[in-house]
Amino acid sequence: MGMIGRVRSQAVDASKLVTDWMEHRTGIVTMMEHFLFEPVPKRGAWIYTLGSLTLGLISLQFLTGILLLFYYVPTTDHAWNSIYYIMNEAYFGTLIRGIHYWSANFLLAAIGLHMAQVFFSGGYKAPRELNWVVGVILLLLVVVIAFTGYALRWDQDGFWATVVGMKIGSYSPFVGGQTIRFLMGGDTIGPATLSRFFAIHVWLLPAALAPFIGIHLYLLRRHGVFGSEFEYTERLAKLHERQRLERFERYEEEDGEPNTGRRDRADRDGSE
Amino acid sequence: MTRGDFLGFGVLGAIFGAIVTIPPVAFVLSPVIKTDALGQSDVPDDWFEVGPISEIPEGEPKNFVVEFPVNQIYSEEEIINNPEAVKTEGEVIPNAVWVSWKTEILEGGKLGKTQRPAFVGEGGSLSQEQIQEVTASLNVMSSSCAHLGCPVRWLVREGEGLFLCPCHGGLYGINGEYQGGPPPRGLYNYTFEVRENGMIYVKHEFDIEPGLNKQQPYVV
């Protein structure tokens, strides 16, 4: 065995030690397996990535949004200037804000496609109704975040779109007036309006969004994606049974060292 | 659990619940409480100068811009005038005010006689009778469309003019009356007065036409 081979086997041993250690203490490897390994039918596999696309775009929103906060100033006299600075002075400002802007636009399109896919494949039917409900809550949160983000630019476009949006809200029965005065922070549009939209866009709703995404993913994993056509739990049980049998066989072959913890594919194939 | 325990928990729960919820809710809703319950406004209850009546032409509205100060957060009057605080400019909310002479509308939408008093533009201060006559002949209108609040503009086509809202196509006549499109009513009118110097003054207040739509011009 040459030196490279020795180093490689040492590295494999070390990584196994680390993963086994982590698995024993946190169960993270089993968890990752459960979250990442999904048996997917060959036919139309790309259409099942729309949910991941949505999640990816939301993550982009969080990341670029946090970056924009380093320069953005939520006051009526400086908001526009600070965005001008981001776009013209800060390095890669156009890129960061561009990603925030365009991924917000694509996000709504991705959500539409995602919902269409779930709807036309009947993915909302029992026992997955609640995940549809949680998804609709997520949709509404995203729409309000998009609306409040538009105002933060404080340019003519964003300002008048905000006026129109708030006035639409003011036609709601009984609470129209209170809703709009809550959003404006008084009885006229002004500094309080921008501060409130900033608070709602940057903290309130993203903080509300995160747990609902967690519930959405939990329910997804609880019921799987593929329904009767491709029963996930059944499939996973078969997989685990096969793995158990294989381990058992090899334990008998190796005759000795107890076989615990995670084994990767190389182990199972016996090609060490 | 005894009846006494139950009542005790209930009373304690109510007290602690109130202690935990009332401050944050009142904190966030304080502008709503101040405007709705206490009737306060973010714009001072003063008269603001619009412009001279002599500049208003016949058969066409004239646009003036009035900058109303806004008392919100760092733009609160107390903070701006406080000598100990860092000098800040107060925020203003500019309102575009459309002013026109009341005009008769003839059959087919043509403009008829204008109620422009003959003494307007002669100079000199106005008498009480003249002020009354001018006040009765003026439309002082908000540019904020009664539909969803976009600013309307005066558009002349083939000699006939109308106020047009750029957002959804609301149309109003020269007196601010509803002509077409989605708005539920005509343009909002300011509370205004005319003084001896021939100037118009407005308050940040608007009429609500009874029976049409109780909608306040929430955004202006």
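Undergrad: I keep staring at the overall build of chain A and nothing clicks. Help me out?
TA: Helix and strand counts for chain A come out as 11 helices and 0 strands. Secondary structure elements of chain A, listed N to C terminal, follow the sequence α-α-α-α-α-α-α-α-α-α-α. Taken across its 272 residues, chain A has 33% of its residues classed as buried. Here the analysis covers contacts within chain A between residues at least 6 apart in sequence; of these, 67% occur between residues at least 24 apart.

Undergrad: What is the right way to read the sheet that holds strand 12 (residues 199–206) of chain B from this model?
TA: By way of backbone hydrogen bonds, the strands of a sheet pair with one another, either parallel or antiparallel. Residue and element names in this part refer to chain B. The strand order 1-12-11 describes an open sheet built from 3 strands, whose pairing is antiparallel. Sheet topology places strand 1 (48–52) and strand 11 (190–194) at the edges, where each strand pairs with a single neighbour. When strand polarity is set aside, the average angle formed by the axes of neighbouring strands in this sheet is 35°.

Undergrad: Honestly, the state of the cysteines in this entry has me stumped. Any pointers?
TA: All names here are of chain B. Across all of its chains, the model carries 1 disulfide over all chains by this definition. Across the disulfide, Cys-150 is cross-linked to Cys-167 (sulfur-sulfur distance 2.0 Å). Taking the torsion about the S-S bond as the criterion, the Cys-150 to Cys-167 disulfide, at about -85°, is left-handed. In this pair, Cys-150 sits in the loop between strand 6 (138–142) and strand 7 (153–157) while Cys-167 sits in the loop between strand 8 (160–164) and strand 9 (171–172), placing the two residues 17 residues apart along the sequence. Judged by relative accessible area, Cys-150 falls into the buried class, the value being 1%.

Undergrad: Just checking my understanding: could you explain helix 3 (residues 50–68) of chain A for this structure?
TA: The periodicity of an α-helix, 3.6 residues per turn, causes residues three or four places apart in sequence to face the same way. All names here are of chain A. Helix length check: helix 3, at 19 residues, gives a terminal C-alpha distance of 27 Å against a target of 27 Å (1.5 Å per residue), a fit within 8%. Taken together, the buried positions of helix 3 are occupied by Leu-50, Thr-54, Leu-57, Ile-58, Gln-61, Thr-64, Gly-65 and Leu-68. All buried residues of helix 3 lie within an arc of 135° about the axis, which places them on one face of the element. Facing away from the buried surface of helix 3 by more than 90 degrees, the exposed residues are Ser-52 and Leu-63. Turning to helix 3, the residues buried within the fold contact helix 4 (79–88), helix 5 (93–120) and helix 9 (191–223).

Undergrad: So what exactly am I meant to see when it comes to the confidence of the model for chain B here?
TA: Reading predicted coordinates in detail is not appropriate for stretches of low pLDDT. Mean pLDDT over chain B stands at 88; residues scoring 70 or higher make up 94%. Throughout residues 211–215 of chain B the model reports pLDDT below 50, and contacts reaching past four residues in sequence, or to other chains, amount to 9 contacts.

Undergrad: Which parts of the structure should I look at to understand the sheet that holds strand 7 of chain B?
TA: Residue and element names in this part refer to chain B. Read across the sheet, 4 strands follow the order 7-8-9-10 without closing on themselves; strand pairing throughout is antiparallel. Looking at which strands have only one partner, the edges of the open sheet turn out to be strand 7 and strand 10 (178–180). Inspection of the sheet shows strand 7 paired to strand 8 by 5 bridges, in the antiparallel sense. When the sheet's bridge partners are listed, Trp-154 is paired in strand 8 with Phe-163.

Undergrad: I'm lost on the pattern of salt bridges in this one. Help?
TA: It is possible for side chains bearing opposite charge to pair when their charged atoms get close. Residues and elements named next belong to chain B. Scanning the entire structure with this criterion turns up 8 salt bridges over all chains. A salt bridge links Asp-207 to Arg-185; the shortest N-O distance between them is 3.5 Å. Of the two residues, Asp-207 sits in the segment after strand 12 while Arg-185 sits in the loop between strand 10 and strand 11, which places them 22 residues apart along the sequence. For Asp-207, a relative accessible area of 24% translates into the label partly exposed.

Undergrad: I would appreciate a short explanation of the domain arrangement of chain B in the present structure.
TA: For an interface, size is often stated in terms of accessible area lost upon the parts coming together. According to the domain assignment, chain B consists of domain 1 (1–40) and domain 2 (48–206). With centres defined by C-alpha atoms, the gap from domain 1 of chain B to domain 2 of chain B works out at 45 Å.

Cut-offs used in this document
- Residues numbered from 1 in each chain as written.
- Chains lettered and ligands numbered in written order.
- Predicted model: local features only at pLDDT ≥ 70, side-chain atom pairs only at ≥ 80, totals over all residues.
- Heavy atoms only, no water.
- Helix = DSSP H or I, 4+ residues; strand = E, 2+ residues; numbered from the N terminus.
- Buried < 20%, exposed > 50% of the residue type's maximum accessible area, 1.4 Å probe, protein only.
- Contact = heavy atoms within 4.5 Å.
- Pairing = 2+ DSSP bridges.
- Axes fitted to C-alpha atoms, helices over the stretch in contact; angles between N-to-C directions.
- Disulfide = S-S within 2.5 Å.
- Expected span 1.5 Å × (residues − 1).
- Arc of directions from axis to C-beta.
- pLDDT = per-residue confidence, 0-100.
- Salt bridge = Lys/Arg side-chain N within 4 Å of Asp/Glu carboxyl O.
- Domains from an automatic or database assignment.

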